[in-house]
Amino acid sequence: MLLESGPKLLHPWQDEPIDYRCAAMRFSREPGQAAPGIVLPDRIARAAPRRRAEWLAGRRCASEALRLLTGQGACPGMASDRSPLWPVGIVGSISHSGDVAIAIAARAGACRGIGVDIERLMDGQGASEVASEALTPRERRRLGNDPFSVTLAFSAKESLFKALHPLLRRPISFQLSELVAWNGQGTARLRLVEGLSSEFPAGREIEARFARFGDLLLTRVLIPA
Ligand SMILES: CC(C)(COP(=O)(O)OP(=O)(O)OC[C@H]1O[C@@H](n2cnc3c(N)ncnc32)[C@H](O)[C@@H]1OP(=O)(O)O)[C@@H](O)C(=O)NCCC(=O)NCCS
């Protein structure tokens, strides 16, 4: 992966249905100075250094993704539910794991919702703990505690949440969707177990993309306009 000290363009998948920009960086646990144009909300300014560092790294990536997409960088604000507030006409998503942050931004005219998630691949024990929380009984029977499959299911569901929550503004639990398939080209499918709205009825399948970078797994879900 990229893994420089500043955000860099990341282009993990070919043949994407819409145009978007994704930027990622490695960051240090010490937050240091905020980058120009990035103002910390009070609750982040008061947070532990580790939280400040990840928030700042996510915002630096978001600003770079926006700059690459529109020519103008900007720091998304933060809503009371913690979701990022993107500039008018933009949808996007942020994730961090360990010392890596990533953000993705697309034009709202092309994309109604987008979610990105990065996770360290779980070990057997982590997979077994996460499986009992985040997988449906049917997924647990099919996937068992296989670390890759459990990490993929968990991460794809996090990406789905980030893509749909700003759109639907309703609770979306891990039990509302299931990972039903994936292939060697980095494409997976989630199926909604319960209906979320008339547009997202039970049984609707939503594509996710995934890519592995060493021990990191990246997923993204997008809902085209
Ligand atoms: C919000 C949530 C997805 C964040 O996960 P996390 O473990 O902190 O991991 P990540 O680093 O990948 O993502 C954090 C980023 O998600 C974004 N985020 C937070 N709430 C969000 C929301 N409601 N909608 C969209 N994005 C959101 C933020 O940008 C946040 O980073 P920041 O606080 O530094 O800005 C997760 O904690 C959560 O609450 N999940 C709800 C249940 C769920 O995932 N259901 C999935 C079933 S479909």
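Numbering of residues starts from 1 in every chain and runs along the sequence as written. Restriction of local features to residues with pLDDT of at least 70 applies here, the model being predicted, together with a cutoff of 80 or more for giving and counting side-chain atom pairs; totals for whole chains, interfaces and linings are based on all residues. Just so you know, side-chain values use all the structure's heavy atoms and leave hydrogens and water out.

The name given to the protein chain in an unreviewed UniProt entry is Enterobactin synthase component D, with the source organism recorded as Bosea lupini. UniProt positions are given in the numbering used here, feature names are shortened, and annotations may be inferred rather than shown by experiment. For the protein chain, the Pathway (unreviewed entry) comment in UniProt is given as "Siderophore biosynthesis; enterobactin biosynthesis." Of the comments in the UniProt record for the protein chain, the one headed Sequence similarities (unreviewed entry) reads "Belongs to the P-Pant transferase superfamily. EntD family."

Engineer: Account for the sheet that holds strand 1 (residues 8-9), naming residues and giving values.
Structural biologist: The strand order across the open sheet built from four strands is 1-2-6-5, with neighbouring strands paired in antiparallel fashion. The open sheet has two edge strands with one neighbour each: strand 1 and strand 5 (90-97). Two strands pair under a simple rule: DSSP has to find at least two bridges between them. By definition, any uninterrupted DSSP run of H or I lasting at least four residues is a helix, any uninterrupted run of E lasting at least two residues is a strand, and each is numbered from the N terminus. Looking at chain direction, strand 5 and strand 6 (residues 100-107) are connected through eight bridges and run antiparallel. Within strand 6, the residue paired with Gly92 across the bridge is Ala105. Across the sheet, helix 2 (residues 49-70) lies against strand 1, strand 2 (20-26), strand 5 and strand 6, angled at about 35° from strand 6, the strand it touches most. Residue contacts are defined here by distance: any two heavy atoms, one from each residue, within 4.5 Å place the two residues in contact. Here, axes are lines fitted to C-alpha atoms. For helices the fit covers the stretch in contact, and angles between N-to-C directions go from 0 to 180 degrees.

Engineer: For the UniProt feature "binding site: Mg(2+)" (unreviewed entry) in the protein chain, give the residues involved together with the corresponding values.
Structural biologist: Using the residue numbers shown here, the UniProt feature "binding site: Mg(2+)" (unreviewed entry) corresponds to Asp117, Ile118 and Glu119. Lining the largest pocket, from the residues named above, are Asp117, Ile118 and Glu119. Note on placement: Ile118 falls in strand 7 (residues 111-120). Note on definitions: the grid is 1 Å and covers protein atoms alone; a cavity is a set of points where a 1.4 Å probe fits but cannot get out; a pocket is an open set with protein on both sides within 12 Å along at least five of seven lines; lining residues have an atom within 4 Å of a point.

Engineer: Explain the domain arrangement of the protein chain to me, and be specific about the residues and the numbers.
Structural biologist: Taken domain by domain, the protein chain consists of domain 1 (8-109) and domain 2 (117-224). Where each domain begins and ends follows an automated or database-derived domain assignment. Its C-alpha centre places domain 1 at a distance of 22 Å from the equivalent point of domain 2. Each partner contributes to the interface: domain 1 provides 20 residues, whereas domain 2 provides 17 residues. Counting the surface lost from both domain 1 and domain 2, the interface buries some 1400 Å², and carbon and sulfur atoms represent 62% of this. Defined here as a combined quantity, buried area equals the accessible surface (1.4 Å probe) lost by two parts on assembly, summed across both. The largest per-residue losses of area from domain 1 upon contact with domain 2 belong to Trp13, Ser95 and Ser97, which jointly make up 36% of the total buried on that side. A carboxyl oxygen of Asp or Glu within 4 Å of a side-chain nitrogen of Lys or Arg is what we treat as a salt bridge. Remark: the boundary between domain 1 and domain 2 carries three salt bridges. Salt-bridge contacts for Arg169 lead to Asp81; the nearest nitrogen and oxygen are separated by 2.8 Å. We call two N or O atoms a polar contact when they sit within 3.5 Å, provided that within protein one can donate a hydrogen and the other can accept it, with sequence-adjacent residues counted only if both atoms are side-chain atoms. If you look at where domain 1 meets domain 2, you find six residue pairs in polar contact (both at pLDDT 80 or more). Breaking the side of domain 1 that touches domain 2 down by element, the ones donating at least two residues are strand 5 and strand 6. Tallying contributions element by element places strand 5 first for the side of domain 1 that touches domain 2, with five residues.

Engineer: Hey, could you go over the UniProt feature "binding site: CoA" (unreviewed entry) in the protein chain for me, with residue numbers and the actual values?
Structural biologist: Sequence positions flagged by UniProt for "binding site: CoA" (unreviewed entry) are, in local numbering, Arg51, Arg59, Ser95, His96, Asp117, Glu158 and Lys162. Of the annotated set, the members that line the largest pocket are Arg51, Arg59, Ser95, His96, Asp117, Glu158 and Lys162. Topologically, Arg59 is positioned in helix 2. We classify Arg59 as buried; its relative accessible area is 5%. Arg59 has contacts with Ile38, Cys75, Pro76, Gly77, Met78, Pro84 and Ile94, leaving out every residue within four places of it along the chain. Checked against the element boundaries, Glu158 lands in helix 5 (residues 147-168). On the basis of relative accessibility, which here comes to 22%, the residue Glu158 falls in the partly exposed class. When a residue's accessible area, from a 1.4 Å probe over protein chains only, is under 20% of the maximum for its type it is buried; when over 50% it is exposed; and in between it is partly exposed.

Engineer: Account for the site of the ligand, naming residues and giving values.
Structural biologist: The ligand sits among 21 residues. The nearest are Arg51, Arg59, Ser95, Glu158 and Lys162. Separating a nitrogen atom of the ligand from a backbone N or O atom of Ile172 is a distance of 3.0 Å. Shrake-Rupley sampling with a 1.4 Å probe provides the accessible areas, and residues are treated as covered by the protein chains on show and by no other component. For the ligand, whose free accessible area comes to 920 Å², the fraction covered by protein is 84%. Here the criterion for a molecule occupying a pocket or cavity is that more than half of its atoms lie within 2 Å of the pocket grid points. A majority-of-atoms criterion places the ligand in the largest pocket. When contributions to the shell around the ligand are tallied by element, the ones reaching two or more residues are helix 2, strand 5 and helix 5. Residue contributions to the shell around the ligand peak at seven residues, all from helix 5. When residues are sorted by character, Ala, Val, Leu, Ile, Met, Phe, Trp, Tyr, Cys and Pro go into the nonpolar class, Asp, Glu, Lys and Arg into the charged class, and all the rest, Gly among them, into the polar class. Across the shell around the ligand, the residue classes break down as eight nonpolar, five polar and eight charged. Throughout, near means a residue has at least one heavy atom within 4 Å of the molecule or strand.

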